[in-house]
Amino acid sequence: MASDLLSFAQRITQGAIRVVDLTATLSQEFPTIVLPPEFGQAAPFRIEEISRYDERGPAWYWNNFSVSEHAGTHFDAPIHWISGKDLPNNAVDTIDPRNFIAPASVIDCSKESADPDFVVTVDFIEAWEKKHGRVAAGDWVLLRTDWSKKPFRDYAGMGDDGAHTPGPEPATVKWLVEERDVHGFGTETIGTDYGQAQHFNPPYPAHFYMHGKGRYGLQCLTNLDKLPPKGAVIVSAPLKIKQGSGSPLRVLALVEDGA
Amino acid sequence: MTTRLAYDGVVVCVPVTIPYRRYSVNSAHWWIGRALHELTLGAGIKPKDIDGLIVSSFTVGPDTAVGLTQHFGLTPRWLDHVPMGGASGVIGLRRAARAVQAGDAQFVACVAADTNHVDSFRKTLTSFSRFAQDAVYPYGSGGANASFALITKNYMNQYGATREDFGKLCVAQRDNALAIPFAMMKKKLTLDEYMKARSISDPLHLFDCVMPCAGAEAFLVCREETAKSLGLPAVRILSTIERHNAFPDDPVQYRGGWAMDTDELWQMAGVKPDDVDLLETYDDYPVIVTMQFEDLGFCKKGEGPDFIRGNTFTTDGTFPHNTSGGQLSVGQAGAAGGYLGITEAMRQLAGTPIGKPVRDAKLAVVSGFGMINYDRGLSSGAAVLARA
Amino acid sequence: MTAPLTRPKRKDPLKKTRQPLYPQSIRSRTAQGLTAAAAQGRFELQCCSDCKEIFYPPRDACPKCLSARVPFVPVDNRGTVLAETTIQTSTDPYFRERTPWRAGLTKLDAGPVVLSHLHGDVAEGARVRLDLKLDKGGAPVLIALPEKDTPNMADDPQLREMTCDPKFRRVLITDGRTAVGQAMAKAFSEAGANIVFVGIADPWKPFPGEDMLRKIEKVEIVPLDVTDSESCIEQAEQNGGRIDIVVNTAEHVRPGGVMQRHGLTVAREEMDVRYFGLMRLAQAFGPAMRSRGADGVNSAAAFVNLLSVHALMNWPAYGAYSAAEAACLSAAQCLRAELRPGGVKVVNVFFGPLETEWFQTVPPPKVAPSALAKAVVQALQRGVEDVFVGDIAEDIRARLAVNPKALEREIAG
């Protein structure tokens, strides 16, 4: 057992296993979710220098930063949604850490996602399964739209009736949970839900159904285009915030070289 | 008839001038000390004999006359600080004379001195007076020039005085100063040069303005018998006047305080303007000299320009005036500018001037003016002095 | 005749920048009554309550009857110039490099004779209006202006020293996303500014009026987020040396009180946008502005804060907002002292509710963004530093002057 782990570590060092960074840089410019102005807003990432080898601290450089749990590349815990509020171990500090490492099925809908209103259906995923195999129980389902490559203005997809970004319809999420027993759902866009999901029934099904069943969310991922459809293992451990509903984090994918 | 007490039995003696310097690294205290020393030497007395002291100085701060008593080792029984600028000489003389007359002091030393460091002038200005601080210095001049320019302009508009009129006074004073070795201005001045000189604040040009410098002037006031017993040439005081904030409702100053009290000046003295052999006016600006001609009674108000045109003002002229050159040519050693007319008059009356003598000088008038607080000079004074 | 200002040429980058100087600015305490009047653009002198004598310079007792009841009151500012002089040389370092400089004596119809600066269009014997202005050092001075406005009057060099006229200056409107920001951009463009930089934060978020804003002449959109220190520093690094007037339009208005609010996230935003935003802008742009206060026709001139009048007295329905505005007011007072040595004015513009979305339920009178913008431009043209815009602001100001405690109770309702 131990030598399997050690050889795994060696293979990473030697590059036989690639480490792909699925994380956007946490910066002030990164778009955040915007809710109706009457509601509380997620604070964007902000950073204040404490000192930079100057009179405030001659030999060191360090910062204080502030950010919402749900800004940048971040993890959603079940406690984040009303449907998951009473589940056991539903906060980032109580989730069993085993759940922070899981394989991924990467569903490529990058072409279709040229349309900001593209809706991912069960049929679409079943078609993908025919080519690449069944989405396994305990898999992350990651939606590759290539939207992380867009300039920020297009990435946010803000229109005068809200956001327009690709995402799943309620039936799709329900199916993923009930028929495929997935680990969680991850996207490149802001939010795991379709941009206009407020009009779905239930609204925001990716949150409602996933968290309602104790599953997790990942959003604002990058580099999904560098992952194989199957076989990548995702490492995604959020900060251990007391009763936290989520946190920005470093999401890494481990991929066999040649895969 | 005046009810004022005559100055019988009191005299002024021992005129002292410490030669002026443009800039001095010494303090005002040094200059005052020099003057006091010369007073004692000139009078043949010891410092401890000085039992009365008047001091006038802009740069002796943070001291006033009190601090100077300990500084110079004096133990006076009569002390005054007279910070009234160009009127300090006449006013100091009045104070000292009454003290001696009343027996409150035997020897009153009257000293005016100022040093002139490179930043003295500017520093003096910033704390000159509350009105100057609030309502004058923020308006551009950095000094009194603009205020006197306005007074000059108004006078010229009102009475038709010309720059040539003022120039004539300045040229004559310069001629008088050529015989004074320590005068700041050493070259002859022509009317053409005066007219062409650069403008300071229209209509005032360079030669309308005094040159600040360091220096000291002083004299001693004592009883006539005391001066005689010491063998000192002396000068009698026939009359004096003093006034502050005269004519406050004049929109622009065109007359000084003397105009309120001229009758008293001549009545108390028992002489007339025609009897006067020399006049020492306070000449910070020629327009003020012109006002003194009028307000002291040498001509009527408004006739100053004519009076200037009809007279010559050198020591040997028809109307000897500022016979040592006045501040305009000798320099303004701060508060000493208010005393230099007195020391010059004393020397002329004793027949021992530093410069050229006025023939048979028996009667002199000395006039003081100063303290441009806001828009006008507040203090004025005059004294009629006679050879003893 | 005042020659119109010509558009300044590009600055020679190798020439030393003229450092700011200012006239003597010490004033007696009583004379600060003039400061209070000048700051708000009023003309006031002392008038004896007992004998009605109006006098100047400021005194602590009436020079006619010695009464100590000598308050500052509005007086007739008209007069006639008795004598004028052109100062050609001065021992004062500020004036020394600005000669020729004209000053004169004016007899006011109200009585006193005053020494004042003279506008170039004012001649000896002329009828004039006297104005009380704050000079480059922020100290009160009198200036005699022509009886009626003359062409290019504002371009008189002596007068321009006392104002913050936007003409030919370069302006930064810190937030163009709002109606106020956009109205400000338009107003400054029309007031003759050379460039109007307009800061936009979160460019990925569209905002209403964006197309119109981009079309305004002389507007240049720049990235600027007052909640992001790095953004402010970057913008200052790029443009700080050519910003003469900053108008901080970044706003955050929400109803809610101190106790009557649930949680602190909105309060954090309020303070971050308003109070810390002001601090970020001050730190980023202030130092360069302070060093450019004497830098020619388009010298750095003003830092404008748009403040709720409730910075002066809390309005509990918008209580947390009022408190954040109060923090801004105190910070602005500090900034005013910090920028004064550079001859840069901090202008505080107070207003009541605006005709904007977050004051939607508040009944009129309210101030329209265009009216606010106009008032700001006028304040800069006049050189006043404390401005009250609209009926509510005027009302609060008046009531504060009489009985702040009564106002406290009355506002709370």
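Residues numbered from 1 in each chain as written. Chains lettered and ligands numbered in written order. Predicted model: local features only at pLDDT ≥ 70, side-chain atom pairs only at ≥ 80, totals over all residues.

Chemist: Quick question: what am I supposed to make of the overall build of chain B here?
Modeler: Looking only at helices and strands, chain B has 14 helices and eleven strands in total. The C-alpha atoms of chain B give 19 Å as radius of gyration, which agrees with the globular expectation for 388 residues (21 Å, within 12%). For chain B, the C-alpha atoms occupy an extent of roughly 55 × 45 × 40 Å along the three principal directions. Put simply, of all contacts in chain B between residues at least 6 apart along the chain, 79% involve residues at least 24 apart. (Helix = DSSP H or I, 4+ residues; strand = E, 2+ residues; numbered from the N terminus. Rg over C-alpha atoms; globule rule 2.2 N^0.38 Å. Contact = placed C-beta atoms within 7 Å.)

Chemist: Explanation requested: the overall build of chain C in the structure shown.
Modeler: For chain C, the helix and strand inventory stands at eleven helices and 15 strands. The C-alpha atoms of chain C give a radius of gyration of 22 Å, which matches the 22 Å a tight globule of 413 residues would have. With the principal axes as the frame, chain C shows a C-alpha extent of 65 × 60 × 30 Å. Expressed as a percentage of the 413 residues in chain C, the buried residues total 49%. Of the contacts made within chain C by residues no fewer than 6 positions apart, 68% connect residues no fewer than 24 positions apart. (Buried ≥ 20, exposed ≤ 12 C-beta atoms within 10 Å, placed from the backbone.)

Chemist: How do you make sense of helix α10 (residues 391-402) of chain C when you look at a structure like this?
Modeler: An α-helix turns once per 3.6 residues; consequently, residues spaced three or four apart project the same way. All names here are of chain C. Counted at 1.5 Å a residue, the expected span for α10 with its twelve residues is 16 Å, and the 17 Å between its end C-alpha atoms agrees. Of the positions making up α10, those classed as buried are Ile392, Ala393 and Ile396. The arc that holds every buried residue of α10, seen down its axis, measures 100°, which confines them to one face. Exposed side chains of α10 directed beyond 90 degrees from the buried face belong to Ala398, Ala401 and Val402. (Expected span 1.5 Å × (residues − 1). Arc of directions from axis to C-beta.)

Chemist: When you look at the interface of chain A and chain C in this model, what are you seeing that I'm missing?
Modeler: How large an interface is tends to be reported as the accessible area lost when its parts come together. On the chain C side, the residues contacting the eleven residues of chain A number 13 residues. Listed by contribution, the elements that provide at least two residues to the side of chain A that touches chain C are β2 (46-54) and α3 (152-156) of chain A. The element best represented in the side of chain A that touches chain C is α3(A), accounting for four residues.

Chemist: Got a minute to help me understand the packing of helix α7 (residues 163-177) of chain B against helix α11 (residues 286-295) of chain B in this structure?
Modeler: For any two helices packed against each other, one specifies the crossing angle of their axes together with the interaxial distance. Residues and elements named next belong to chain B. Two elements in contact, α7 and α11, have axes separated by 9 Å at closest approach and are oriented at 95°. It follows from the interaxial angle that α7 and α11 lie roughly perpendicular. In this structure, α7 contributes Phe166, Leu169 and Cys170 to the contact, and α11 contributes Pro286, Val287 and Val289. When its residues are assigned to classes, the contact of α7 with α11 shows six nonpolar, no polar and no charged. (Axes fitted to C-alpha atoms, helices over the stretch in contact; angles between N-to-C directions. Parallel < 35°, antiparallel > 145°, perpendicular 65-115°, else oblique. Nonpolar A, V, L, I, M, F, W, Y, C, P; charged D, E, K, R; others polar.)

Chemist: Would you mind showing me how to read the interface of chain C and chain B here?
Modeler: Between chain C and chain B, the contact holds 31 residues from the first and 29 residues from the second. Of all the elements in the fold, those that place two or more residues in the side of chain C that touches chain B are β4 (78-87), β5 (101-108) and β6 (113-118) of chain C. Residues that form the side of chain C that touches chain B fall into these classes: 16 nonpolar, eleven polar and four charged.

Chemist: Help me understand the domain arrangement of chain C in this model?
Modeler: Residue and element names in this part refer to chain C. The assigned domain composition of chain C is domain 1 (32-160) and domain 2 (170-412). Centre-to-centre, using C-alpha coordinates, domain 1 lies 31 Å away from domain 2. Of the residues belonging to the side of domain 1 that touches domain 2, the class tally is three nonpolar, four polar and two charged. (Domains from an automatic or database assignment.)

Chemist: Looking at this structure, I do not really get the arrangement of the chains. What am I missing?
Modeler: Of all two pairs of chains sharing an interface, the pair with the highest contact count is chains B and C. Taking C-alpha atoms as the reference, chain A and chain B come no closer than 37 Å and do not contact one another.

Chemist: What is the right way to look at the sheet that holds strand β11 (residues 377-387) of chain B in this model?
Modeler: Residue and element names in this part refer to chain B. On the basis of which strands lie adjacent, the open sheet formed by nine strands has the order β3-β2-β4-β7-β1-β8-β11-β10-β9 and mixed pairing. Two strands close off the open sheet at either side, each with one partner strand: β3 (78-81) and β9 (278-280). Neighbour-to-neighbour, the strand axes of this sheet turn through a mean angle of 20°, independent of strand direction. In the packing of helix α14 (residues 340-350) onto the sheet, contacts are made with β1 (10-21), β7 (214-223), β8 (234-244), β9, β10 (363-372) and β11, and the angle to β10 comes to roughly 175°. (Pairing = 2+ DSSP bridges.)

Chemist: Would you mind showing me how to read the sheet that holds strand β1 (residues 44-47) of chain C here?
Modeler: Strand pairing in a sheet relies on backbone hydrogen bonds, with the paired strands running either antiparallel or parallel. Residue and element names in this part refer to chain C. Within the open sheet, the three strands sit side by side as β2-β1-β3. Their pairing is antiparallel. Edge positions in the sheet fall to β2 (54-55) and β3 (72-74), since each of these pairs with one other strand and no more. By the bridge criterion, three bridges tie β1 to β3 in an arrangement that is antiparallel. If you follow Gln46 over to β3, its bridge partner there is Phe72.

Chemist: What's the story with the pairing of strand β11 (residues 219-223) of chain C in this structure? I'm lost.
Modeler: As a general feature of sheets, a regular strand has side chains that alternate between the two faces. All names here are of chain C. Inspection of the sheet shows strand β10 (residues 195-200) paired to β11 by five bridges, in the parallel sense. Its bridge partner being in β11, Ile200 is matched across the sheet by Pro223. Crossover β10 to β11 through helix α5 (residues 210-215) is right-handed. (Right-handed = clockwise from strand over helix to strand, strands pointing away.)

Chemist: Can you help me understand the environment of B:Ser120 in this one?
Modeler: Residue and element names in this part refer to chain B. Checked against the element boundaries, Ser120 lands in helix α4 (residues 120-126). A sequence separation of 126 residues divides Ser120 from Ala246, and the C-alpha atoms of the two residues are 30 Å apart. The contacts of Ser120, once residues within four sequence positions are left out, are Thr59 and Thr115.

Chemist: Would you mind going over unusual backbone geometry with me for this structure?
Modeler: Glycine aside, the phi torsion of most residues is negative, and most peptide linkages are trans. Cis geometry is adopted by the peptide bond preceding A:Pro202, which originates at A:Asn201 and carries an omega value of 0°. With respect to the element layout, A:Pro202 can be found in the loop between β11 (184-187) and α5 (205-212). Cis geometry is found at the peptide bond from C:Pro364 to C:Pro365, where omega equals 10°. The residue C:Pro365 is located in the loop between β14 (345-351) and α9 (369-382) in this model. Despite not being glycine, C:Asn152 has its phi angle at roughly 55°, a positive value. Locating C:Asn152 in the fold gives a position in the loop between β8 (140-146) and α3 (157-160). Residue C:Asn152 is classed as partly exposed on the basis of its C-beta count, with 15 C-beta atoms lying within 10 Å.

Chemist: Looking at this structure, how should I read the packing of helix α4 (residues 179-190) of chain C against α9(C)?
Modeler: Residues and elements named next belong to chain C. Relative orientation of the contacting elements α4 and α9 amounts to 45°, with a least axis distance of 8 Å. Considered as vectors, α4 and α9 are oriented oblique to each other. As for the relative orientation of α4 and α9, their crossing is right-handed in sense. Two secondary-structure elements touch here, α4 through Ala179, Val180, Ala183, Met184, Lys186, Ala187 and Phe188 and α9 through Pro369, Ser370, Leu372, Ala373, Lys374, Val376 and Val377. Of the residues contributing to the contact of α4 with α9, the split by class is eleven nonpolar, one polar and two charged. (Left-handed = near helix turned anticlockwise from the far one by under 90°.)

Chemist: Would you explain the domain arrangement of chain B in this entry?
Modeler: Residues and elements named next belong to chain B. In terms of domains, chain B is made up of domain 1 (10-119 + 214-229) and domain 2 (129-210 + 235-387). Between the C-alpha centres of domain 1 and domain 2 there is a distance of 23 Å. Counting residues at the interface gives 33 residues for domain 1 and 34 residues for domain 2. Contributions of two or more residues to the side of domain 1 that touches domain 2 are made by β1, α3 (88-101), β4 (108-114) and β7. In terms of residue count, β1 provides more of the side of domain 1 that touches domain 2 than any other element does, nine residues in total.

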